[in-house]
Amino acid sequence: MKIKEVIAALEQFAPLPLQEDYDNAGLQLGLTEAEVSGALLCLDVTEETVVEAVEKGCNLVVSHHPLLFRGLKQIVDADSVQRTVKMAIKNDVTIVSMHTNLDNAVGGVNWKIAEKLGLETGRQGVQGVQGVQGVQGEKCGLYVGTFAKPLSANDFISLLKTRMEAQCVMTNELLKREIRKVAICGGAGSFMLDDAIAQGADAFVTGEMHYHEYFGHDQEIQIVVIGHYESEHFTNELFREIIERECKGVRCVMADSQKNPVRYY
């Protein structure tokens, strides 16, 4: 199977028109006519990621965060992005990224978080995107689902830490009522807080929020910020599910070099 066929399967699931205007999802660099020898799946592309791909015989790297987020005016050794680009080209490694298009896709990043938490199916916060057909053309910036059995705020936070492998979380005052309805926006999702409240959610889970956004919501909604990496590091499981379902026989490798750049002390 050619690399371009794997990319087509990923884009069928998360069409590029679903990405935000500021984003640069899709093919980052490399040739797509080559036969895929293996796909290394990761959150971020670094020099270590490319080295791992080469060592494990993978000529395709699939990441969530784009390597090329902003334009490059030179490719030397000035920073890690330039060095990673040089290394990938030198070793014939193709890089493709599924970012906010995967965030906004039905069954995407937020669905994976909901699956980890054991939430029942929800699909509020859906809006259409012109030019994209069918259910995969729906832009879903916010997932809202429910627990079959409500949890106390303490138990909910403990569940989040365990299931999302978060060392710690940031939250506002603990709710004195039980939590049943949960809104989710992975990554930097603070802009979805008002939508979560409008949906009547008891809790809002995201990866990042600003200090002042915590004010004014005590006993209205449980805000829980688990960290950007923690909210998205299971994205490689989504990539594996898509590729194994649509591209039979393509070898998928979960990147061992994937790591959180943030340290907690």
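Look up a bit, the structure's there.
Basis of the calculations
Residues numbered from 1 in each chain as written. Predicted model: local features only at pLDDT ≥ 70, side-chain atom pairs only at ≥ 80, totals over all residues. Heavy atoms only, no water. Helix = DSSP H or I, 4+ residues; strand = E, 2+ residues; numbered from the N terminus. Rg over C-alpha atoms; globule rule 2.2 N^0.38 Å. Buried < 20%, exposed > 50% of the residue type's maximum accessible area, 1.4 Å probe, protein only. Contact = heavy atoms within 4.5 Å. Core = buried A, V, L, I, M, F, W, Y, C linked by side-chain atoms within 4.5 Å. Pairing = 2+ DSSP bridges. Axes fitted to C-alpha atoms, helices over the stretch in contact; angles between N-to-C directions. Phe/Tyr/Trp six-rings, centres within 6.5 Å; stacked < 30°, edge-to-face > 60°. Lys NZ or Arg CZ within 6 Å of the ring centre and 35° of its normal. 1 Å grid on protein atoms, 1.4 Å probe; cavity = no way out; pocket = protein on both sides within 12 Å on 5 of 7 lines; lining within 4 Å. Points joined across faces, edges and corners; volume = space filled by probe spheres on them. Nonpolar A, V, L, I, M, F, W, Y, C, P; charged D, E, K, R; others polar.

Enquirer: Mind laying out the overall build of the protein, listing which residues take part and the relevant values?
Expert: Looking only at helices and strands, the protein has 9 helices and 12 strands in total. Computed over its C-alpha atoms, the radius of gyration of the protein comes to 19 Å, within 12% of the 18 Å expected for a compact globule of 265 residues. Summarising its shape, the C-alpha atoms of the protein cover approximately 55 × 45 × 35 Å along the three principal directions. Among the 265 residues that make up the protein, the fraction classed as buried is 52%. Taking the intrachain contacts of the protein between residues at least 6 apart in sequence as the baseline, contacts between residues at least 24 apart amount to 68%.

Enquirer: Residue-level account of the nonpolar core, with values.
Expert: With 27 residues, the main nonpolar core has Leu117, Leu119, Phe156, Leu160, Val182 and Ile184 as its most contacted residues. Broken down by secondary-structure element, the contributors of at least two residues to this core are α5 (109–117), β7 (143–151), α6 (153–163), β9 (179–185) and β10 (203–206). If sequence neighbours within four positions are ignored, valine 182 has contacts with Leu119, Tyr143, Val144, Gly145, Phe147, Phe156, Ala201, Ala203 and Val205. Of all hydrophobic cores here, the second largest spans 25 residues; its members include Ala9, Ala14, Phe239 and Val250.

Enquirer: Which residues make up the sheet that holds strand β4 (residues 94–97), and what values do they have?
Expert: Within a sheet, each strand pairs with its neighbour through backbone hydrogen bonds, oriented either parallel or antiparallel. The strand order across the open sheet built from 5 strands is β1-β4-β3-β2-β12, with neighbouring strands paired in mixed fashion. Strands at the two margins of the open sheet, each flanked by one partner only, are β1 (26–29) and β12 (252–254). Strand-to-strand, the axes of this sheet are offset by a mean angle of 25°, without reference to chain direction. Strand contacts of helix α2 (residues 47–55): β2 (39–42), β3 (60–63) and β12, with the helix running at about 150° to β2, the strand carrying the most contacts.

Enquirer: So what about the packing of aromatic side chains? Which residues, and what values?
Expert: Under the defined criterion, the tally for this structure stands at 4 aromatic pairs. Judged by centre distance (5.4 Å) and plane angle (80°), the rings of tyrosine 211 and phenylalanine 215 are edge-to-face. The exposure class assigned to tyrosine 211 is exposed, which follows from its relative accessible area of 60%. Residue placement shows lysine 116 over the ring face of phenylalanine 234; its charged tip is 4.2 Å from the ring centre.

Enquirer: Help me get a handle on the layout of surface pockets, residues and values and all.
Expert: What the largest pocket holds in volume is close to 680 Å³. Lining the largest pocket are 35 residues, and of these Tyr22, His65, His99, Thr100 and Asp103 lie nearest its centre. Elements with a contribution of two residues or more to the lining of the largest pocket: α3 (80–90), α4 (100–104), β5 (126–128), β6 (138–140) and α8 (228–232). Its residues placed into classes, the lining of the largest pocket shows 13 nonpolar, 15 polar and 7 charged. Taken as a whole, the second largest pocket holds about 340 Å³ of empty space. What lines the second largest pocket is a set of 19 residues, and nearest its centre among them are Asp44, Tyr229, Lys259, Asn260 and Pro261. The set of elements that each furnish at least two residues to the lining of the second largest pocket consists of α2 and α8. Grouping the constituent residues of the lining of the second largest pocket by class yields 5 nonpolar, 8 polar and 6 charged.

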